[in-house]
Amino acid sequence: MLRVDNITSSYGGGLILFGMSLDVGAREVVTLIGRNGMGKSTTIRAIMGLTPARSGAITFDGKRIEALRPHEIAQNGIGLVPEGRQIFVRLSVEENLVATSADRQGAANKWSLARVYDLFPRLAERRAQSGGTLSGGEQQMLAIGRALMTNPRLLILDEATEGLAPLIREDIWACLRQLKSEGLSILVVDRNLDALLGLADRHYVVEKGRVAWSGTSAELAVRRDNIERQIGI
Amino acid sequence: MQLVLEQLLNGLQLSLTLFLLAAGLTLVFGIMGVINLAHGSLYMIGAYAGAWAAAKTGTFWLALPAGLAAAALVGAAMELLVVRRLYAREHLSQVLATFGLILFFNGFIAWSAGRSPLLMETPPQLSGFVEILPGLPYPAYRLAMMGVGVAVALGLWYMISRTRIGMLIRAGSDKREMVEALGVDIAKLFTLVFALGALLAGLAGVMVGPIRSVQVGMGEQVLITTFVVIVVGGIGSIRGAFAGALLIGMCDTLGRAFVPMLLKSWLSGPLADGLGGALSSVIIYLVMALVLIVRPRGLFPVSG
Ligand SMILES: Nc1ncnc2c1ncn2[C@@H]1O[C@H](COP(=O)(O)OP(=O)(O)O)[C@@H](O)[C@H]1O
Ligand SMILES: [Mg+2]
């Protein structure tokens with residue numbers, strides 16, 4: 001479904017990605033893991049066109065997207081839950097969900113406010129509150145709900161459980177498991193190996209802007225100690 | 001008493017005209033981060049297109065759509081050709097580029113319409129007076145202008161707070177990149193907002209036509225006051241633009257009317273005249289300074 005092929009990227013200075021490659025198949029959950037500053041978020045920004053790749057190719061559903069503008073990439077069916085959540089603080093919870101909602105591909109099981117509130121009942125309680133007044137965990141739920149309301153076929157989450165209390169984290173993981181069971185493809189950046197092993201099909205260890213190791217959850221479980229040292233847990 | 005009431009109404013009318021100008025300027029500055037000095041040119045273009053259409057057709061009711069269309073189209077073109085390139089630039093480049101636009105538009109109008117002021121007739125339907133209180137007649141045209149100003153304020157409030165476009169405007173003002181990453185063509189949204197601001201400036205221009213002279217440079221006079229309005233109100237806020245316009249429009253009108261008069265009861269004639277004139281023309285800047293001392297980000301700062 002998504003193929004990132006040998007991309008390089010920079011923020012104007014030196015290169016940050018040196019030939020990064022990865023694949024996400026239909027209905028698959030794939031992770032990017034690695035120490036801070038290794039280029040995971042930069043990879044995601046390249047996929048979304050926010051910091052376009054300098055070279056290499058990115059294909060989504062067989063279509064080249066590396067030169068498209070961010071809104072065009074999103075309109076192709078990629079939903080982003082960004083690092084730091086990026087909630088719209090001048091909008092209420094409900095407006096955050098509605099403002100950018102869309103169903104461009106005619107989804108079979110279309111996301112609605114009711115469905116998002118079903119997934120995250122805490123958002124329903126706070127629907128009229130300003131997005132800026134939510135707790136970190138609620139903001140994260142809102143960021144996920146907001147991305148789902150664009151009816152994506154691939155959901156990308158960057159550090160979605162960062163800084164959250166264990167119970168809230170568990171809510172997020174439960175939500176992702178449910179989304180997986182509904183057939184959504186997911187690319188997730190996180191540090192929580194236990195949860196990732198239970199959720200994901202395949203993993204990429206990112207080191208200095210390229211893939212240092214990749215394998216299935218079973219393969220990762222076998223050499224978990226090595227990987228943990230490699231990614232600094 | 002009657003004089004006070006009349007001046008209050010004049011102040012209100014000026015306030016609502018300032019609001020029409022401030023609304024567009026504050027949206028463009030608040031959301032896109034662009035200082036558009038040429039906003040006053042759009043006001044002038046609306047006035048000239050209106051005066052031209054009125055002269056050709058003999059009716060204000062065709063001047064109105066002509067002024068609106070001209071300002072909105074020139075505004076859209078200005079955004080697509082010039083302003084779009086300025087979003088990522090620092091304010092100095094924006095000031096220089098939009099100052100260049102002022103020179104261009106002033107030159108263009110002077111060349112095509114001449115330097116002498118144009119006059120526009122009040123539409124006959126609105127040329128009379130309305131007795132708003134016994135013994136207090138007030139020009140119907142000015143009352144109609146106020147009505148339009150209030151209607152635009154309500155319409156903008158509804159658009160910003162209740163519609164999808166309004167949500168995207170608010171979202172885009174603090175997280176532009178995120179709005180794009182969720183599939184919204186923010187460039188298109190910006191063009192739309194810019195053209196809307198231009199349309200409102202054009203509306204102010206056409207409406208002012210029958211009560212002031214239409215001339216080259218009319219935009220720059222009013223632009224300064226409009227900047228004072230949006231700074232006082234809180235940049236980016238429509239509510240702030242409304243409150244700021246009321247405060248500044250009232251202070252300016254009442255100051256000009258009554259400060260020299262009050263001074264005269266204390267000081268000798270010529271001294272009072274000189275001082276009064278000077279003081280009343282700087283009142284709005286004093287008010288701005290006072291507001292900013294108490295509320296550095298204006299009356300209704302935009303959160304986030
Ligand atoms: N906006 C930016 N401008 C310049 N350098 C950046 C920017 N964002 C990240 N970097 C640099 O790019 C490298 C990779 O960062 P990032 O992709 O955010 O890492 P990760 O998400 O894996 O922690 C780091 O060295 C970081 O300092
Ligand atoms: Mg990161």
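The structure presented is a predicted model; accordingly, all values stated were derived computationally and were not measured.

**Considering the pairing of strand β10 (residues 210-216) of chain A**
Residue and element names in this part refer to chain A.
Phase 1 of the analysis: Pairing of strand β9 (residues 202-207) with β10 involves six bridges; the strand directions are antiparallel. Looking across to β10, one finds that R202 is bridged to T216.
Phase 2 of the analysis: Taken together, β9 and the strand that follows it, β10, pair antiparallel across an intervening segment of two residues, in which K208 is found at a positive phi of about 50°.

**Points about the site of ligand 1**
Residues and elements named next belong to chain A.
Phase 1 of the analysis: By nearness alone, every residue bordering ligand 1 is listed as Y11, I16, R35, N36, G37, M38, G39, K40, S41 and T42.
Phase 2 of the analysis: A distance of 2.5 Å is found between an oxygen atom of ligand 1 and a side-chain nitrogen or oxygen belonging to T42.
Phase 3 of the analysis: Considered on its own, ligand 1 offers 560 Å² of accessible surface; in the complex 57% of this is hidden by protein.
Phase 4 of the analysis: Broken down by element, the shell around ligand 1 gets its largest block of residues, three residues, from helix α1 (residues 40-48).
Phase 5 of the analysis: Across the shell around ligand 1, the residue classes tally to three nonpolar, five polar and two charged.

**Things to note about the sheet that holds strand β2 (residues 15-24) of chain A**
Residue and element names in this part refer to chain A.
Phase 1 of the analysis: A sheet is described by the order of its strands in space; here four strands give the open sequence β2-β1-β4-β5, paired in antiparallel fashion. Each edge of the open sheet carries a strand with a single partner, namely β2 and β5 (63-64).
Phase 2 of the analysis: Direction of pairing for strand β1 (residues 2-10) relative to strand β4 (residues 55-60): antiparallel, over a ladder of five bridges. Directly across from T8, in β4, lies its bridge partner S55.

**Remarks on the environment of D23(A)**
All names here are of chain A.
Phase 1 of the analysis: Looking at where D23 falls in the secondary structure, it is placed in strand β2.
Phase 2 of the analysis: Distance from D23 to L187, taken between C-alpha atoms, is 9.5 Å for residues 164 residues apart in sequence.
Phase 3 of the analysis: Dropping the residues within four chain positions of it, D23 is found in contact with L2, R3, E28, V30, R202 and Y204.

**Section: the packing of aromatic side chains**
The geometry of two aromatic rings is summed up by the distance between their centres and the angle between their planes.
Residue and element names in this part refer to chain B.
Phase 1 of the analysis: Taken as a whole, this structure holds seven aromatic pairs over all chains when the rule is applied.
Phase 2 of the analysis: With a centroid separation of 5.2 Å and 80° between ring planes, the pair formed by F19 and F242 is classed as edge-to-face. Taken together, the residues F19 in helix α1 (residues 2-32) and F242 in helix α10 (residues 238-264) connect sequence positions 223 residues apart.
Phase 3 of the analysis: Assessed through its relative accessible area of 1%, F19 is described here as buried.
Phase 4 of the analysis: Consider the rings of F60 and W61, whose centres lie 5.2 Å apart with planes at 85°: the pair is edge-to-face.

**Observations concerning the sheet that holds strand β7 (residues 154-158) of chain A**
All names here are of chain A.
Phase 1 of the analysis: Reading across from one edge, β6-β7-β8-β3-β9-β10 is the order of the six strands in this open sheet, with mixed pairing throughout. Among the strands making up the open sheet, the edge pair consists of β6 (78-81) and β10. Going across the sheet, the axis of each strand differs from the next one's by a mean of 15°, ignoring polarity.
Phase 2 of the analysis: With four bridges joining them, β6 and β7 adopt parallel strand pairing.

**Structural notes on the interface of chain A and chain B**
One frequent convention defines the size of an interface as the accessible area lost when the parts assemble.
Phase 1 of the analysis: Across the contact, 25 residues belong to chain A and 23 residues belong to chain B.
Phase 2 of the analysis: For the chain A and chain B pair, buried surface summed over both sides reaches about 2200 Å², with 58% attributable to carbon and sulfur atoms.
Phase 3 of the analysis: Together, H71(A), F88(A) and R90(A) form the three largest contributors to the area buried by chain A at its contact with chain B, with a combined 31%.
Phase 4 of the analysis: Counting every contact that joins chain A to chain B gives three salt bridges.
Phase 5 of the analysis: Listing elements by their share of the side of chain A that touches chain B, those giving two or more residues are α1, α2 (70-75), α3 (93-99) and α6 (136-148) of chain A.
Phase 6 of the analysis: Looking at the side of chain A that touches chain B element by element, the count peaks at four residues for α2(A).
Phase 7 of the analysis: Counted by class, the side of chain A that touches chain B contains 13 nonpolar, six polar and six charged residues.

**Examining the packing of helix α9 (residues 218-233) of chain B against helix α11 (residues 269-294) of chain B**
Residues and elements named next belong to chain B.
Phase 1 of the analysis: As a packed pair, α9 and α11 sit with axes 10 Å apart at the nearest point and diverge in direction by 20°. With respect to α11, the axis of α9 lies roughly parallel. Relative to α11, the crossing made by α9 is left-handed. Only I284, Y285, M288, V291 and L292 of α11 make contact with α9, whose side of the interface consists of I224, T225, V228, V231 and V232.
Phase 2 of the analysis: Taken together, the residues that form the contact of α9 with α11 break down as nine nonpolar, one polar and no charged.

**Some details on α6(A)**
Residues and elements named next belong to chain A.
Phase 1 of the analysis: The terminal C-alpha atoms of α6, which comprises 13 residues, lie 18 Å apart, in line with the 18 Å expected from a rise of 1.5 Å per residue.
Phase 2 of the analysis: For α6, the buried fraction is high: 12 of the 13 residues fall into the buried class.
Phase 3 of the analysis: Buried within α6 are the following residues: G137, E138, Q139, Q140, M141, L142, A143, I144, G145, R146, A147 and L148.

Rules used throughout
- Residues numbered from 1 in each chain as written.
- Chains lettered and ligands numbered in written order.
- Predicted model: local features only at pLDDT ≥ 70, side-chain atom pairs only at ≥ 80, totals over all residues.
- Heavy atoms only, no water.
- Pairing = 2+ DSSP bridges.
- Helix = DSSP H or I, 4+ residues; strand = E, 2+ residues; numbered from the N terminus.
- Near = heavy atom within 4 Å.
- Polar contact = N/O pair within 3.5 Å; in protein donor to acceptor, adjacent residues only side chain to side chain.
- Areas by Shrake-Rupley, 256 points an atom, 1.4 Å probe, with all protein chains shown as cover.
- Nonpolar A, V, L, I, M, F, W, Y, C, P; charged D, E, K, R; others polar.
- Contact = heavy atoms within 4.5 Å.
- Phe/Tyr/Trp six-rings, centres within 6.5 Å; stacked < 30°, edge-to-face > 60°.
- Buried < 20%, exposed > 50% of the residue type's maximum accessible area, 1.4 Å probe, protein only.
- Axes fitted to C-alpha atoms, helices over the stretch in contact; angles between N-to-C directions.
- Buried area = accessible area lost by both parts, 1.4 Å probe.
- Salt bridge = Lys/Arg side-chain N within 4 Å of Asp/Glu carboxyl O.
- Parallel < 35°, antiparallel > 145°, perpendicular 65-115°, else oblique.
- Left-handed = near helix turned anticlockwise from the far one by under 90°.
- Expected span 1.5 Å × (residues − 1).

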